[in-house]
2 protein chains.
Amino acid sequence: MTHIEVRNDAAANRVTIADVAALADVSVPTVSRVLTGAAKVSRVRRERVERAIAELSFRPSAAARALASRRPQVIAIIAGDTSQYGYAEAIRGVEESARASGYTVMITVVESNDDAVVEKAIAATLSQSLAGIIVLKFDPPGVAALAQMPHEVPIVALSGVRDTSVPQAVIDETRAAEELTNYLLDLGHATVHHVRVPASRREDGRTTGWRRALRTAGRDVPVILDATWDPHSGVAVGAGIAASRDVTAVFCGNDEIAMGVIRGITDAGLSVPEDISVVGFDDHPLAALWSPPLTTVDQDFARLGRRGFSLMLAEIAGEATRKYSSERPPVVVRQSAAAPSRTRGGA
Amino acid sequence: MTHIEVRNDAAANRVTIADVAALADVSVPTVSRVLTGAAKVSRVRRERVERAIAELSFRPSAAARALASRRPQVIAIIAGDTSQYGYAEAIRGVEESARASGYTVMITVVESNDDAVVEKAIAATLSQSLAGIIVLKFDPPGVAALAQMPHEVPIVALSGVRDTSVPQAVIDETRAAEELTNYLLDLGHATVHHVRVPASRREDGRTTGWRRALRTAGRDVPVILDATWDPHSGVAVGAGIAASRDVTAVFCGNDEIAMGVIRGITDAGLSVPEDISVVGFDDHPLAALWSPPLTTVDQDFARLGRRGFSLMLAEIAGEATRKYSSERPPVVVRQSAAAPSRTRGGA
DNA sequence: GTGAAAGCGCTAACAC
DNA sequence: GTGTTAGCGCTTTCAC
């Protein structure tokens, strides 16, 4: 920890509740009462206080308030990443509802699922006097953070697959993946290949749904192809797919990977969807603009964030009722999938 | 404001510094000394304290600490948006450096530049006992927030164009836009059209740089075309461009708009860059994957965030030296721009 | 080096 | 309704 000299200029003469009380000629608790609405204050005094507050541009100190009331108005978000589309949207959703309810949002990134890294992030977060913590359980760091998190304050997870450890808002990706895979089978494909993004657990919902659809239909379950979160990793995978004549349909773990895969396929001289169908997952803002426009699943991450915050509010209030909010995202049919080519599919 | 009953379970029996002091058999200030390193503590006592801290899993309360020391360890970010690529990256950069320096990051979104909205966001932020505030001055809400912000704590802006109001980290988009426009002129285009994203001020740096390059070269300065932040707005603009025979080169305010514009042009049956050259700005993660791969400017937003946090640290320390950090982003040449078509350009 | 005492800005508990 | 008295969990004097 570095030590630094601090200028004590503006911060030093903060306007306090005592200044307001003095100007309004009332006691400090009376000011507090009009601030919190915790008890009735006579109209004359209330108006005097309000005038004083306005005149002094007084803003109560959240730190002091949290300390004294033991009811902090801060929600922390823990996430493995913040700049990826789905993460950023989920954070935006949480922030939006939180702000509307008078809460502030704090963010901590967990860079990896390394124990020490996770522990440090948790420590930094928990030192913060929080009303609650929302964990983005989308990837290994998020899962690790949730697992190591002490339950000192309410915890809510945002996730693609339900588990029972804590209250959570989920987008049911398993069901959606199943539906999307069935859509491809219905188009006439003998089977569907799967390009997976880094799993948040032993197996993520998209992979599970895909496998279930194939099993239910009695189809071959091809070997899973792996990509990273980087869309460019999809290009190499796409090139490999183009080279193997038995692939006619590909379900990618997210839209960005699908874009990379399509790029790899078209660079190899094949067409999507004429030669190979490719579908994604997420409905990324650029999915409709891609060539061809991507058939995908519309995951509303911002709403996921809002639903998560609602659960959090219930937790904070101690209403042990709703512990779970699930939503099944719709398949969005565009042009990147079609009936299989007659010249491919012969393994 | 809603009032809710609070369960007083876990939060009630927080481990405090007093518990640590008791277990280690030292006074409370001594524990504080080992925590902050503010004064020397004998080795025996220090080790006893450290053992007690570990045993009790003690975590100091940031709220209490901020209150007592008047040196909060929280940085607030105010932004007009958080989920857009550049914003999300900048936030990630700030968070990364902040976390490394023992600071926590708080986020407030300003939904619009409406006075009341801005005022509310500022009030919510300032109530938070902060070490400083970083404003993302990329759009009208950000600019408005910066303008209305009282200077009670250190303020740093992240921006594309320098102004002198507060210390700021900037990516010099004016120079980059000029360079990119010159690149198109050098390719042989008579002039360059410009599709603008919503301006952060009377005129943003990209537009200024574009105009300056055209003026310097003595070329026509065409009417500016406007797009929103939504990539789809670019499609209509692209269609219009395809229909007007005098356009041979287009400089778009960002990559996503460029993708929309390209889509509009190709939907009209023309090719990029054969018929019309289109360049973007940002180097979005998908820019290289687009067809054709986008020629653009590589803005490193995450580093912008890190540079901004460095300035903030200097401000907090009261070192009135570096008030400004600028970086000129490089042009990235890919395949979306080429020499002009001979069949177009005749106005 | 170390402890006792005071206080950061606010809310809670209790009288009146 | 309103003021007085106590703290929230920590850091900061200031003695020793």
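Residues numbered from 1 in each chain as written. Chains lettered and ligands numbered in written order. Predicted model: local features only at pLDDT ≥ 70, side-chain atom pairs only at ≥ 80, totals over all residues. Heavy atoms only, no water.

Let's talk about the pattern of salt bridges
- Within this structure, the stated rule accounts for 36 salt bridges over all chains.
- Arg92 of chain A is paired through a salt bridge with Glu89 of chain A; the nearest N and O atoms lie 3.1 Å apart. Of the two residues, Arg92 of chain A and Glu89 of chain A both sit in helix H5 (residues 85-100), three residues apart, roughly one turn of that helix.
- Glu89 of chain A gets classed as buried once you look at its relative accessible area, which sits at 11%.
- With a shortest N-O distance of 3.0 Å, Glu111 of chain B and Arg99 of chain A are connected by a salt bridge. In this pair, Glu111 of chain B is assigned in the loop between strand S2 (104-109) and helix H6 (115-126) and Arg99 of chain A in helix H5, connecting two distinct chains.
- Via salt bridges that share partners, Asp300, Arg303, Arg307 and Glu327 of chain A belong to a single interconnected network. (Salt bridge = Lys/Arg side-chain N within 4 Å of Asp/Glu carboxyl O. Helix = DSSP H or I, 4+ residues; strand = E, 2+ residues; numbered from the N terminus. Buried < 20%, exposed > 50% of the residue type's maximum accessible area, 1.4 Å probe, protein only.)

What about the interface of chain A and chain B?
- Chain A puts 65 residues into the contact, and the matching count from chain B is 65 residues.
- Buried surface at the junction of chain A and chain B, both sides included, amounts to about 5600 Å², of which 58% is carbon and sulfur.
- Applying the counting rule to chain A against chain B returns six salt bridges.
- Our count for the chain A to chain B interface comes out at 22 residue pairs in polar contact (both at pLDDT 80 or more).
- The set of elements that each furnish at least two residues to the side of chain A that touches chain B consists of helix H4 (62-69), H5, strand S2 (104-109), helix H6 (115-126), helix H10 (232-243), helix H11 (255-267) and helix H12 (301-317) of chain A.
- Class assignment for the residues of the side of chain A that touches chain B results in 32 nonpolar, 16 polar and 17 charged. (Contact = heavy atoms within 4.5 Å. Buried area = accessible area lost by both parts, 1.4 Å probe. Polar contact = N/O pair within 3.5 Å; in protein donor to acceptor, adjacent residues only side chain to side chain. Nonpolar A, V, L, I, M, F, W, Y, C, P; charged D, E, K, R; others polar.)

Side note on the protein's contact with DNA strand D
- By nearness alone, 27 residues border DNA strand D, and Arg33, Ser42 and Arg45 of chain A together with Ile17 and Arg71 of chain B come closest of all.
- For DNA strand D, the backbone portion of the atoms within 4 Å of the protein, that is sugar and phosphate, comes to 64%.
- Contacts to DNA strand D include Thr30 of chain A, whose side-chain N or O atom sits 2.7 Å from a phosphate oxygen.
- Within the side chain of Arg33 of chain A, one N or O atom sits 2.6 Å away from a base oxygen of DNA strand D. (Near = heavy atom within 4 Å.)

With respect to the domain arrangement of chain A
- According to the domain assignment, chain A contains domain 1 (17-69), domain 2 (74-171 + 300-328) and domain 3 (173-298).
- Computed from C-alpha atoms alone, the centre-to-centre distance between domain 1 of chain A and domain 2 of chain A is 33 Å. (Domains from an automatic or database assignment.)

Observations regarding the relation of the copies chain A and chain B
- Rotating chain A by 180° about the axis while translating it 0.0 Å along that axis superimposes it on chain B, leaving an RMSD of 0.1 Å. Both copies are brought into coincidence by an operation consistent with a two-fold rotation axis. Minimal C-alpha separation from the rotation axis in chain A is found for Met106 of chain A, amounting to 2.1 Å.
- The share of interface residues of chain A whose copies in chain B are also at the interface is 100%, consistent with both copies meeting through the same surface. (Least-squares fit on C-alpha atoms with pLDDT ≥ 70 in both.)

A word on the packing of aromatic side chains
- Considering all chains together, one arrives at 13 aromatic pairs over all chains under this definition.
- With a centroid separation of 6.4 Å and an interplanar angle of 90°, the aromatic rings of Tyr85 of chain B and Phe301 of chain B are classed as edge-to-face. On the criterion of sequence distance, the pair formed by Tyr85 of chain B in helix H5 (residues 85-100) and Phe301 of chain B in helix H12 (residues 301-317) is long-range, its members being 216 residues apart.
- Classification of Tyr85 of chain B by relative accessible area gives buried; the value is 19%.
- One aromatic cluster in this structure is built from Tyr85, Tyr87, Phe138, Trp229 and Phe301 of chain A.
- The ring centre of Tyr324 of chain A lies 3.3 Å from the NZ or CZ of Arg162 of chain A, which sits over that ring. (Phe/Tyr/Trp six-rings, centres within 6.5 Å; stacked < 30°, edge-to-face > 60°. Lys NZ or Arg CZ within 6 Å of the ring centre and 35° of its normal.)

So, the nonpolar core
- Leu136 and Leu158 of chain A together with Leu136 and Leu158 of chain B are the most contacted members of the largest nonpolar core, which has 52 residues in total.
- In this structure Leu158 of chain B touches Ala90, Val94, Ile134, Val135, Leu136, Lys137, Phe138, Ala169, Leu304, Gly305 and Gly308 of chain B, once residues within four positions along its chain are discounted.
- Formed by 46 residues, the second largest nonpolar core is a distinct cluster that contains Val237, Cys252 and Val272 of chain A together with Ile265 of chain B. (Core = buried A, V, L, I, M, F, W, Y, C linked by side-chain atoms within 4.5 Å.)

Quick notes on the sheet that holds strand S6 (residues 193-196) of chain A
Residues and elements named next belong to chain A.
- Spatially, the four strands line up as an open sheet ordered S7-S6-S8-S9, and their pairing is parallel. Unpaired on one side and paired on the other, strand S7 (225-226) and strand S9 (277-279) mark the two borders of the sheet.
- Pairing of strand S8 (residues 249-252) with S9 involves three bridges; the strand directions are parallel. Of the residues in S9, the one forming a bridge with Ala249 is Ser277. (Pairing = 2+ DSSP bridges.)

Topic: the pairing of strand S4 (residues 155-159) of chain A
Residue and element names in this part refer to chain A.
- The buried count for S4 comes to five of five residues, which makes it a mostly enclosed element.
- The alternating pattern of S4 places Ile155, Ala157 and Ser159 on one face and Val156 and Leu158 on the opposite face, and all of these are buried.
- Relative to S4, strand S3 (residues 132-136) runs parallel, the two sharing four bridges. Of the residues in S4, the one forming a bridge with Val135 is Ala157.
- For the handedness criterion, the β-α-β arrangement of S3, helix H7 (residues 140-148) and S4 is classed as right-handed.
- Inspection of the sheet shows S4 paired to strand S5 (residues 168-171) by three bridges, in the parallel sense. By the bridge assignment for S5, Ala157 is matched with Gln168. (Right-handed = clockwise from strand over helix to strand, strands pointing away.)

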